[in-house]
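Summary of structural features
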Amino acid sequence: MIRKTLLLLFTAALVCTVPVYAQPQQTLLSFTGYDYENPGDGGLYLAVGDGYKSVGFITSFGPLLDPFYDFSQNEYTYYLFDLTVATRDTDGSDMVVTFNDNGRVRYFEDPFARPYTPALYGTNPPNATAPSTFIDPGPPALGGDLDQFVLTYNFATGRGAWSGAMTLDEGSDLALYVPPAQRSGWILGAQNDNTSVPAGYDNQVEGNCLVPGPTSATQRTWGAIKSLYR
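Residues numbered from 1 in each chain as written. Predicted model: local features only at pLDDT ≥ 70, side-chain atom pairs only at ≥ 80, totals over all residues. Heavy atoms only, no water.

Take the nonpolar core next. Residues Tyr107, Leu151 and Trp162 are the most contacted members of the largest nonpolar core, which totals 37 residues. In this structure, Phe81, Phe108, Ala130 and Val197 belong to the second largest nonpolar core, which totals 12 residues. (Core = buried A, V, L, I, M, F, W, Y, C linked by side-chain atoms within 4.5 Å. Buried < 20%, exposed > 50% of the residue type's maximum accessible area, 1.4 Å probe, protein only.)

Structure follows, in structure tokens:
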């Protein structure tokens, strides 16, 4: 299987509109992990109808959540799921994949003090440890609806990008730590250089969930957007 690299570009999930940020973004959290197809046919990468999932670890929290979480006492993980490929378009070595709306992403807190099961990737997910050890003990601390999810990839350069629009709408910590006015408008995206990827996973992903500052949008041609990945 081709190992791919994901490069974070804050596209707001609109392929032909590139925001120009006027003010700094507010970070909710940062994460690292791996992604995989499930269900998938094992042939064409992200064919129409294939499912897309990712599991991994939260590595830091932004100002909104940082006072309430303690990495010395808990393990923090995420699970991205319920994304299904809606369209797959190619232009030479470039690929653009869109997904049906209403995907989900959930963030979990696993206290070390309880009978603790460390999150383990294993191989060829879904398997005995992934996603199960990333979603215990449940329910999620936070979770959200994920729409406008777009993945791009250039097979010639081995670079790509994905992002989606997230609205926080569930979790035991939602009412405690996230004001209603700050539950929507989050952008989820991932990046990384290709390193060792466990068998059965596609990419190592690393990125952030953030709310951008006020933006203006500049229209770009498809050729200009493709040049971002070269």
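This paragraph deals with unusual backbone geometry. Residue Pro126 is bonded to the preceding Pro125 through a cis peptide linkage, with omega at 0 degrees. Relative to the helices and strands, Pro126 is located in the loop between β7 (103-111) and β8 (142-154). With an omega of 0 degrees, the peptide bond between Asp136 and Pro137 qualifies as cis. Note that Pro137 resides in the loop between β7 and β8. Phi is positive for Asp82, which is not a glycine, with a value near 60 degrees. Along the chain, the position of Asp82 falls in strand β5 (residues 74-91). One non-glycine residue, Asn124, lies in positive phi territory at about 50 degrees. Position of Asn124 relative to the elements: it lies in the loop between β7 and β8. (Helix = DSSP H or I, 4+ residues; strand = E, 2+ residues; numbered from the N terminus.)

What follows deals with the confidence of the model for the protein chain. Chain-level statistics for the protein chain give a pLDDT mean of 83 and a share of 80% at 70 or above. A low-confidence stretch, residues 1-23 stays under pLDDT 50, and its non-local contacts, those more than four residues away or across chains, total 94 contacts. Under a pLDDT of 50 for its full length, residues 215-230 has, in the predicted model, 37 contacts with residues more than four places off or in other chains. (pLDDT = per-residue confidence, 0-100. Contact = heavy atoms within 4.5 Å.)

The next subject is the pattern of salt bridges. A complete count under the given rule lists five salt bridges for this structure. For the salt bridge of Arg104 with Asp169, the shortest nitrogen-to-oxygen distance reads 2.8 Å. Of this pair, Arg104 sits in strand β7 while Asp169 is found in strand β9 (residues 159-170), placing the two residues 65 residues apart along the sequence. Residue Arg104 is classed as buried on the basis of its relative accessible area of 14%. The salt bridge partner of Arg106 is Glu170, with a shortest N-O separation of 2.6 Å. (Salt bridge = Lys/Arg side-chain N within 4 Å of Asp/Glu carboxyl O.)

Time to look at the pairing of β8. Judged by how many residues are buried, β8 sits mostly within the fold: 12 of 13 residues are covered. Sheet topology note: the strand β6 (residues 94-99)/β8 ladder contains five bridges and is antiparallel. Among the inter-strand pairings, Asp94 is bridged to a residue of β8, identified as Asn154. Judged from the five bridges that link them, β7 and β8 form a sheet pairing that is antiparallel. Within β8, the position partnered with Arg106 by the bridge is Gly143. Of the pairings in the sheet, the one linking β8 to β9 comprises 10 bridges and is antiparallel in character. The partner of Asp147 across the bridge, within β9, is Ala165. (Pairing = 2+ DSSP bridges.)

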